[in-house]
Amino acid sequence: MQDGLAASAGLAVAGYKIGATNADVQARFGVDAPFSGRIFAEFVGGSPLYVPPGRVNFFTIEPEFDFVMGRALVPRAAPHTREEVRQAVASVHPAIEVPDSRYADWLSMTAADLIADNAIAGLLCLGPAAPGGLARDLAAQPVTVGVNGARVAEGAGRNVLGDPWNVLVWLANHLSARGVTLEAGQIVTTGSATDIVRCRPGDTVTADFGPLGRVEVRFGD
């Protein structure tokens, strides 16, 4: 279903988002592994990202560690190793995903429903490449989220499969098994490092990744 949706949309694929990368979300949807969706180029912007009224159905955000690929990882029989995947990455970025769904109550849906809905991919606010990001311990990196200046959530990179790098390795091999190349220049999101943060029209949301940078999303009202 997702493949058909992507084909009929006629939009350029900018990369992939990965959902269900923590144990609580997997338990909620009855799965034991993540799932992925496509990121379309038209829905990617820099920071601060302004979301005009009517642009999304739901006002939620996810602070994420994102990767931009430096070279392609092509399908093959043997799994891509962690070191091979690391060497293929060009940069690490702080980011905020604004997931969105076509279902009125997406939390009541099954994992298969969400996959068909492009893994509830929506908008992506991609911050600048983090200085020295490839050499940093992403699992240990704290993340804090503020809404209108008030801190509302805290987390760390270890909240997504133990380490954002583990998420990227999973995607590379998931795509390989389906005969799909992870292309140079594509973006990969790794799932929310904190609990999902619910927002309202008019809110300004910031995600602070310490030395990796800070990103901001503004919801219009």
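Here, the structure is the one placed above.
Residues numbered from 1 in each chain as written. Predicted model: local features only at pLDDT ≥ 70, side-chain atom pairs only at ≥ 80, totals over all residues. Heavy atoms only, no water.

1. Structural notes on the pattern of salt bridges
The full count for this structure, using the stated rule, is eight salt bridges. For the salt bridge of Asp163 with Arg82, the shortest nitrogen-to-oxygen distance reads 3.1 Å. Placement of Asp163 in the loop between strand E9 (150–156) and helix H5 (164–177) and of Arg82 in helix H3 (residues 82–87) is noted, with a sequence separation of 81 residues between them. By relative accessible area, which is 10% here, Asp163 ends up buried. Glu216 is the salt-bridge partner of Arg218, the closest N and O atoms lying 2.5 Å from each other. For Arg218, a relative accessible area of 40% gives the class partly exposed. Among the charged side chains, a salt-bridge network with shared partners connects Asp3, Arg38 and Arg178. (Salt bridge = Lys/Arg side-chain N within 4 Å of Asp/Glu carboxyl O. Helix = DSSP H or I, 4+ residues; strand = E, 2+ residues; numbered from the N terminus. Buried < 20%, exposed > 50% of the residue type's maximum accessible area, 1.4 Å probe, protein only.)

2. Topic: H5
For an α-helix, 3.6 residues make a turn, and residues three or four places apart therefore share a direction. Here H5 is 14 residues long and its end C-alpha atoms lie 20 Å apart, about the 20 Å a rise of 1.5 Å per residue gives. When H5 is considered as a whole, its buried residues turn out to be Pro164, Trp165, Val167, Leu168, Val169, Leu171, Ala172, Leu175 and Ser176. Turning to H5, the residues buried within the fold contact strand E1 (13–19), strand E2 (35–40), strand E5 (60–69), H3, strand E6 (89–98) and strand E10 (187–189). One side-chain oxygen at the N-terminal end of H5 lies 3.0 Å from the backbone nitrogen of Trp165; it belongs to Asp163. Once H5 finishes, Gly179 follows within two positions and takes phi at roughly 75 degrees, a positive value. (Expected span 1.5 Å × (residues − 1). Contact = heavy atoms within 4.5 Å. Polar contact = N/O pair within 3.5 Å; in protein donor to acceptor, adjacent residues only side chain to side chain.)

3. Digging into the nonpolar core
Grouped together as the largest cluster of nonpolar side chains are 44 residues, with contacts concentrated most on Ile61, Leu168, Leu182, Val217 and Phe219. Apart from the residues within four sequence positions on either side, Leu168 is in contact with Phe67, Met69, Val85, Val89, Leu182 and Val188. In terms of nonpolar packing, the next biggest core, distinct from the first, is built from eight residues, Ala20, Phe29, Ala111 and Ile120 among them. (Core = buried A, V, L, I, M, F, W, Y, C linked by side-chain atoms within 4.5 Å.)

4. With respect to the layout of surface pockets
Approximately 520 Å³ is the volume found for the largest pocket. Lining the largest pocket we find 28 residues, and of these Asn22, Val25, Ser192, Thr194 and Ile196 sit closest to its centre. Listed by contribution, the elements that provide at least two residues to the lining of the largest pocket are E1, helix H2 (23–29) and E5. Counting residues per element, the lining of the largest pocket draws most heavily on H2, which supplies five residues. Here the residues of the lining of the largest pocket sort into 13 nonpolar, eight polar and seven charged. Taken as a whole, the second largest pocket holds about 290 Å³ of empty space. Phe40, Phe43, Arg102, Asn118 and Ala121 are the residues nearest the centre of the second largest pocket, which is lined by 19 residues in total. Those elements that place two or more of their residues in the lining of the second largest pocket are helix H1 (2–9), E2 and strand E7 (123–126). (1 Å grid on protein atoms, 1.4 Å probe; cavity = no way out; pocket = protein on both sides within 12 Å on 5 of 7 lines; lining within 4 Å. Points joined across faces, edges and corners; volume = space filled by probe spheres on them. Nonpolar A, V, L, I, M, F, W, Y, C, P; charged D, E, K, R; others polar.)

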